[in-house]
Amino acid sequence: MSVRIPLNYNPNSPELSNSKSVKKEIMKFGYTTGTCVAAAAKACAFAIVEKKIVKSVTVSTPIGLRLEIPVNYVKIDNEWAEASVTKNGGDDPDDTNGMEIIVKMRINGDNGYLTIRAGKGIGIARNKGLPINEGEPAINPVPKRQLIDNLTEILGNNFGAEIIIEAPNGEKISQRTFNPRLGIEGGVSILGTSGIVKPMSIISWYASMVEQLDVVKKKGFESVVMVPGNIGETAARKLLNVDKDSIVQMAIFVGGMIKAATKRGFREIVLFGHIGKMVKNAIGIWNTHYKYGDGRIETIVAYSAKHGVPNDVLLKIFECKTTDDAVNILRNYNYFDIFSDIANKIVYNAENLINNKAKIYTILIDMKGEIIGYSKDSKKFLY
């Protein structure tokens, strides 16, 4: 399986912004599988164009940082170059940490296009509703752009090339990820909206998550907006009538961050994010990592039934692989009421979690960053 993409490829993803989180030296950041692919491909480009065998490469990331990435080996076989990079997740408890990623590359005459093929251990999308087309290698839009940008630094603006991406242990590792449920078969995905991996261990939770709250509090804010990650933060900055310095990322630690915000005296807490993450809070799952539970689709089915959605439609929703698929089906019904009901339930659960010591608001968005529902009184935070 392969995908041919133009060098002026635009992932059409929300604009990424730098987080203002406080970082401690004890935190070990890592780099994404997307950065690994970009690094290995860049090492191949050096070997092909400059006949240089490198031991490390400096790659650009989508958020503007440049990282020096170690390269395990580089070798040339006729027109093909091959390079290996090991995924380093830092302090993040990531299933792909330590995984080897191999890129094989050759220059061809297809100027203006890069063809990407999935080798051993790289997943193939088998369902609609993902950010990649059905039948294509599981390489998300932002890593594709990152790959092209890094190759352009060596090959110029109008090259033509073909690469094969492999992860020798990818198929086995993918069984511990969410890929099988999403309909990505045969291996892991190449991911990363920022190029770096923010650690989410207990230590880094206090270092990079909770300390954001301290910074916001020191600036005199009584309200804080908490988002799961980059997509939520970008949407919040565009849609919410709040000071941008009051927005923090909570990663997977929703319950812990709500409690930490309450202890710091915040009177209002706005939970803003994608339905795929937030719907878990409606059934009391406060750590949104998939290892700690799911029930997303089942919850949407239950609330849809409550709002009178017909049984045949409920069955279609139940078969959905992603929450965005479910949202699209429900657009023909009173979907805003359904998701606002879910948002109100999240508020109820969250306020019980902190014994009503703060007022909670919830605003839910889809993958496009569009609001699909919000809890009572949350409209006051919207433009």
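Below: a short report on this structure. Predicted, not measured: the structure shown is a model, and the values here were computed from it.

Our focus in this paragraph is the overall build of the chain. Helix and strand counts for the chain stand at 12 helices and 17 strands. Over its C-alpha trace the chain gives a radius of gyration of 22 Å, about what one expects of a compact globule, namely 21 Å for 383 residues. Seen along its three principal axes, the alpha-carbon backbone of the chain occupies a region of about 65 × 50 × 35 Å. Counted over contacts in the chain with a minimum sequence separation of 6, partners at least 24 positions apart contribute 70%. Taken as a whole, the chain presents about 16800 Å² of accessible surface, with 49% of it coming from carbon and sulfur. Separation between the mean location of the 49 positive side-chain charges and that of the 40 negative ones in the chain comes to 4 Å.

With respect to topology, five strands assemble into an open sheet ordered β14-β13-β15-β16-β17, the strand pairing being mixed. Two strands in the sheet have a free side with no partner beyond their single neighbour: β14 (247-249) and β17 (371-374). Put simply, the sheet's adjacent strands are angled 25° from each other on average, direction ignored. Pairing analysis gives three bridges linking strand β13 (residues 223-227) to β14, with the strands arranged parallel. Opposite M226, over in β14, you have V248 as the bridge partner. Strands in contact with helix α7 (residues 254-263) are β13, β14, β15 (268-274) and β16 (359-365); relative to β15, the strand with the most contacts, it is inclined by about 160°. In this fold helix α12 (residues 335-353) packs onto β15, β16 and β17, with an angle of close to 145° to the strand it touches most, β16.

Rules behind the numbers
- Residues numbered from 1 in each chain as written.
- Predicted model: local features only at pLDDT ≥ 70, side-chain atom pairs only at ≥ 80, totals over all residues.
- Heavy atoms only, no water.
- Helix = DSSP H or I, 4+ residues; strand = E, 2+ residues; numbered from the N terminus.
- Rg over C-alpha atoms; globule rule 2.2 N^0.38 Å.
- Contact = heavy atoms within 4.5 Å.
- Areas by Shrake-Rupley, 256 points an atom, 1.4 Å probe, with all protein chains shown as cover.
- Lys, Arg positive; Asp, Glu negative; His and termini not counted.
- Charge placed at Lys NZ, Arg CZ, Asp CG, Glu CD.
- Pairing = 2+ DSSP bridges.
- Axes fitted to C-alpha atoms, helices over the stretch in contact; angles between N-to-C directions.

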